[in-house]
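Here is what each chain is made of, one letter per residue.
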Amino acid sequence: MKNFSIWKDGSFSINSCNLDSDIECDVLIIGGGLTGISTLYHLKDSKFNCVLVEQNKIGMGVSANSTGKLTYLQDSMYNKIWKKYDKITASKYLESQRDAINLVKNIIKDNDLECDLTKSKSYVYTDSDKEIDSLVELKDFLIDNNIDVKEDCLDLVENKYVISVDDTYLFNPVKFIYELVFKCNLDNYIYEGVSIVKIDRDEEYYLCYTNLDRVIKCRYVVIASHYPYFNLPFLFPIKGSLEKSYLCSGHKDIENISLISYNNPFVSIRNYRDYIIYLSNSCINSSHGNDKERFDELLGSAKYLKFTPSYSWSNIDIMTNDSLPYIGLIKENMFISTGYNTWGMTNGIFGGYIVSELLLGRSNKYSDLFDPKREISGNVLESVKNSYYSVEGIVNGFFKKNDSIEYKNINGDSVCIYRDSEGEHIVYRKCPHMGCYLMFNEIEKTWDCPCHGSRFDIDGKCISGPANRDISYKSDN
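These lines cover the structure that appears in this document, whether it is placed above or below.

Analysis parameters
Residues numbered from 1 in each chain as written. Predicted model: local features only at pLDDT ≥ 70, side-chain atom pairs only at ≥ 80, totals over all residues. Heavy atoms only, no water. Helix = DSSP H or I, 4+ residues; strand = E, 2+ residues; numbered from the N terminus. Rg over C-alpha atoms; globule rule 2.2 N^0.38 Å. Buried < 20%, exposed > 50% of the residue type's maximum accessible area, 1.4 Å probe, protein only. Axes fitted to C-alpha atoms, helices over the stretch in contact; angles between N-to-C directions. Parallel < 35°, antiparallel > 145°, perpendicular 65-115°, else oblique. Contact = heavy atoms within 4.5 Å. Nonpolar A, V, L, I, M, F, W, Y, C, P; charged D, E, K, R; others polar. Pairing = 2+ DSSP bridges. Phe/Tyr/Trp six-rings, centres within 6.5 Å; stacked < 30°, edge-to-face > 60°. Lys NZ or Arg CZ within 6 Å of the ring centre and 35° of its normal. Left-handed = near helix turned anticlockwise from the far one by under 90°. Disulfide = S-S within 2.5 Å. Polar contact = N/O pair within 3.5 Å; in protein donor to acceptor, adjacent residues only side chain to side chain. Salt bridge = Lys/Arg side-chain N within 4 Å of Asp/Glu carboxyl O.

**Here's the deal with the overall build of the chain**
- Across its full length, the chain holds eight helices and 24 strands.
- Over its C-alpha atoms the chain spans a radius of gyration of 22 Å, differing by no more than 12% from the 23 Å that the globule rule assigns to 477 residues.
- Projected onto its principal axes, the C-alpha positions of the chain cover 65 × 55 × 45 Å.
- Counting across all 477 residues of the chain, residues that qualify as buried make up 59%.

**Examining the packing of helix α2 (residues 77–84) against helix α4 (residues 132–144)**
- Following both chains from N to C, one finds α2 and α4 inclined at 85°, their axes separated by 10 Å at the closest point. Classified by the angle between their axes, α2 and α4 sit roughly perpendicular to one another. Counting all contacts with α2, which are made through Y78, N79 and W82, the residues of α4 involved are S134, E137, L138 and F141.
- Here the residues of the contact of α2 with α4 are counted per class, giving four nonpolar, two polar and one charged.

**Points about the sheet that holds strand β24 (residues 462–464)**
- Here we have four strands laid out as an open sheet, ordered β21-β22-β23-β24, and antiparallel in their pairing. Edge positions in the open sheet fall to β21 (439–441) and β24, since each of these has one partner strand only.
- Where strand β23 (residues 455–456) meets β24, two bridges bridge the pair, whose relative direction is antiparallel. In the strand pairing of β24, R455 is matched with S464.

**Some thoughts on the packing of aromatic side chains**
- Taken as a whole and judged by the stated rule, the model has 18 aromatic pairs.
- Seen from their ring centres, W7 and Y272 are 4.7 Å apart, and the 75° between their planes marks the pair as edge-to-face. Pair noted here: W7 is in the segment before β1 (23–30) and Y272 is in strand β13 (residues 268–272), with a separation of 265 residues, a long-range link. Taken as a pair, W7 and Y272 share a single burial class, namely buried.
- Between F440 and W447, the aromatic rings sit 4.6 Å apart at their centres with planes inclined by 50°, giving tilted as the arrangement.
- By the ring-pair criterion, three or more aromatic residues cluster together here, those being Y78, W82, Y93, F141, F350, Y353, Y366 and F370.
- The side chain of K87 reaches across the aromatic face of W82, ending 4.6 Å from its centre.
- Looking at R98, its charged tip hangs above the ring of Y72, at a distance of 5.3 Å from the centre.

**A closer look at the packing of α2 against helix α3 (residues 87–110)**
- Contact geometry of α2 with α3 gives a least axis separation of 7 Å together with a crossing angle of 140°. Judged by the sense of rotation from one axis to the other, the crossing of α2 with α3 is right-handed. Where α2 approaches α3, its residues M77, Y78, I81 and W82 are matched on the opposing element by K87, T89, A90, Y93, L94 and Q97.
- Split by residue class, the contact of α2 with α3 holds seven nonpolar, two polar and one charged.

**Section: the pairing of strand β12 (residues 257–261)**
- Burial of β12 is extensive: five of the five residues sit out of reach of the surface.
- The alternating pattern of β12 places I257, L259 and S261 and S258 and I260 on opposite faces, both of which are buried.
- Bridge count between strand β4 (residues 118–126) and β12: five bridges; the pairing is parallel. Of the residues in β12, the one forming a bridge with S122 is S258.
- Pairing of β12 with β13, which is carried by three bridges, proceeds in the antiparallel orientation. In the strand pairing of β13, L259 is matched with I269.
- Turn length for the β12-β13 hairpin, with the two strands adjacent in sequence and antiparallel, is six residues.

**A closer look at the state of the cysteines**
- Summed over all chains, the structure comprises one disulfide.
- With its sulfur 2.2 Å from that of its partner, C436 forms a disulfide with C451. Given an S-S torsion of about -105°, the disulfide between C436 and C451 has left-handed geometry. Residue C436 is located in the loop between β20 (423–428) and β21, and its partner C451 is located in the loop between β22 (446–448) and β23; the two are separated by 15 residues in the primary sequence. For the pair formed by C436 and C451, the shared burial category is buried.
- Looking at the unpaired C218, the closest cysteine sulfur is the one in C208, lying at 4.0 Å.
- The exposure class of C218 is buried, given its relative accessible area of 0%.

**Details of the side chain of T168**
- Along the polypeptide, T168 turns up in strand β6 (residues 161–170).
- Within the structure, T168 has its side chain in polar contact with the side chain of S122 (distance 2.5 Å).
- Here T168 is in contact with L70, T71, Y72, T118, K119, S120, K121 and S122, once residues within four sequence places are set aside.

**Structural notes on the sheet that holds strand β18 (residues 405–410)**
- Pairing in this open sheet of three strands is antiparallel, and the strands run β18-β19-β20 from one edge to the other. Both outer strands of the open sheet, β18 and β20, are each paired with one neighbouring strand and no more. On average, each strand axis in the sheet is tilted by 30° relative to the strand beside it, whichever way the strands run.

**Describing the pattern of salt bridges**
- Enumeration over the complete set of coordinates arrives at 25 salt bridges.
- The closest approach of N and O atoms between D152 and K121, which form a salt bridge, is 2.9 Å. Of this pair, D152 sits in the loop between β5 (150–151) and β6 while K121 sits in strand β4, and the two are 31 residues apart along the sequence.
- The residue K244 makes a salt bridge to D448 at a minimum N-O spacing of 3.0 Å. Residue K244 is located in strand β11 (residues 240–251), and its partner D448 is located in strand β22; the two are separated by 204 residues in the primary sequence.
- Taking the relative accessible area as the measure of exposure, D448 reaches 3% and is therefore buried.
- Here the residues in one salt-bridge network are K244, D291, E444, D448 and R455, joined through shared partners.

**Points about the environment of N290**
- Residue placement: N290 occurs in the loop between β14 (275–284) and α6 (291–304).
- For the pair formed by N290 and N441, sequence separation is 151 residues and the distance between their alpha carbons is 7.7 Å.

Right, dumping it as structure tokens:
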């Protein structure tokens, strides 16, 4: 079995630029996933000179670990929003998701992108008697918003109540990114293998220091990374939590379909050509203790669906305190787009569009809805809970050790050692972001931070932030 996403199985590369000197630009975009590439696309013909930096390869982070659904039918999301605010706010979020789908369709059509875009029927189901009333309430909410929704039936999973809509889509997110870069010559503005390690302010400019000892001087910064690199002044760790999900994919001849469970336990299924993609076992990132156990449970569920997985991988999503993304200005000339609550395909691409509109001085009807500085009811309680998750991550990272790992001190450094047929892999035990103890994911062969979701490959190379430095052990230090 391949321990990576089905979307990554192929040859993907671009002719990115080399950062061999200090450079200056109008807009620096940090992050080369759907959000960053969307921002760059919408600014490519503007007055701004743009640069995008990606610490690894574009499109190979969280975007590539998703299920690739373009849908406004989003489990219990609307119920959560109207309970936090009201149904007017929930309706506005629904409208944003429908607009986002239309935006993606237009980008694909206008640029003739080959990314396996397919119209698909979407279902939400529950197998719990306790959730039926809530799902009926969701159906009525959709009807009130002029959505053609109906009660339906499913044979693929056990269920007690099902609703469906017909106007949603599926696509391949990695193909979308690379096709867009190729067709629009965006690689002329992209620097791969470049991470930003520090940002200073110098009068009206930002000075962004890179891992290559080069400085990028810019007027505007767009933080389009999955988890924001820079906590101040946004204090992101108390404004959201992390949810980890486990996915697998294998051959199965099923109809064109997209379905999700209404609430808990969360399940997501879709087809891709003659494959099925199955997601389950979601949990708070800080609380998981053993990735192998959760993968084993996932693969056991796959047997129930009568397919043999060829791929298995995990993904981490940012869950905000009020179930709405953070998209907009966080300080002078600095923008952010993150916190998609597992729905990053629509919100990621739409977030890039909204940020580009704000940069260009245009009004956007969703800027208040997604304003990162908005007041959130009950935010103090949510912030305390998120702080607890960080503490829980520190504790679990320290105490929940893996039997396949040797933990030791070398010259005063706390390190982890994993041995396989290729030899020893030695890394520092603490995440360079905020010092949390790392946990070993023996299925994907990665070192994962239970606090804030940073990930490192088997030899310590940083593959996902907020960390922006490697943890490879240097014996001469």
